[in-house]
Amino acid sequence: MGIKRFKNYIGEGRFPTWSKVIVGGIVMRIRNLERQISSENDNDKKLKLIGKQNVLLSYISGIGVAVNSNDSKLMGKIKSGAMGLGIGNKRK
C-alpha cells in the first residue's frame, strides 16, 4: 500500500474536507520538523522542535475526536485553532 494522491485522499471517506486539508498540512509540517530534529545538534533546539511537533500532533488528535463525536462546537474551536497556525488558510 503506497501513499495516496491528495486528490484521492480528499475524495474518500466521511470526514469534512476542511479536516482533510488541515490534517494534510499538519502532516507536512510534522515531517519538516522531523527532518529538522534529526539534523539538529543542539539538544535545546531539538527539544523546542519536539515541542512544536507535539502541538501539531495534538491538533490532529483533537480533529479526530471532534469529527468522530460530531460535536460542532468542538470542531469549530479545533478548526479555528488550526487556522491560527496558518494551516488551511491563505493568511499567515
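Residues numbered from 1 in each chain as written. Predicted model: local features only at pLDDT ≥ 70, side-chain atom pairs only at ≥ 80, totals over all residues. Heavy atoms only, no water.

## Looking at the overall build of the chain
- For the chain, the count of helices and strands is four helices and zero strands.
- When the helices and strands of the chain are read in sequence order from the N terminus, they spell out α-α-α-α.
- Within the chain, the fraction of its 92 residues that count as buried is 27%.
- Long-range pairs, those at least 24 residues apart, make up 51% of the contacts in the chain between residues at least 6 apart in sequence.
- Accessible surface, the chain: about 6,800 Å² in total, of which carbon and sulfur atoms supply 55%. (Helix = DSSP H or I, 4+ residues; strand = E, 2+ residues; numbered from the N terminus. Buried < 20%, exposed > 50% of the residue type's maximum accessible area, 1.4 Å probe, protein only. Contact = heavy atoms within 4.5 Å. Areas by Shrake-Rupley, 256 points an atom, 1.4 Å probe, with all protein chains shown as cover.)

## Quick word on the nonpolar core
- If you look at the biggest cluster of nonpolar residues, it comprises 16 residues, and the most contacted ones within it are Ile 22, Ile 26, Leu 56, Ile 63 and Met 75.
- For this core, the secondary-structure elements that each account for two or more residues are α2 (17–39), α3 (43–69) and α4 (72–84).
- Of all the elements, α2 adds the most residues to this core, at seven residues.
- If we skip the residues at most four places from it in the chain, Met 75 touches Trp 18, Ala 66, Val 67 and Asn 70. (Core = buried A, V, L, I, M, F, W, Y, C linked by side-chain atoms within 4.5 Å.)

## Description of the environment of Met 83
- Take Met 83: it is sitting in helix α4.
- C-alpha of Met 83 to C-alpha of Ile 22: the two residues are 61 residues apart in sequence and 8.0 Å apart in space.

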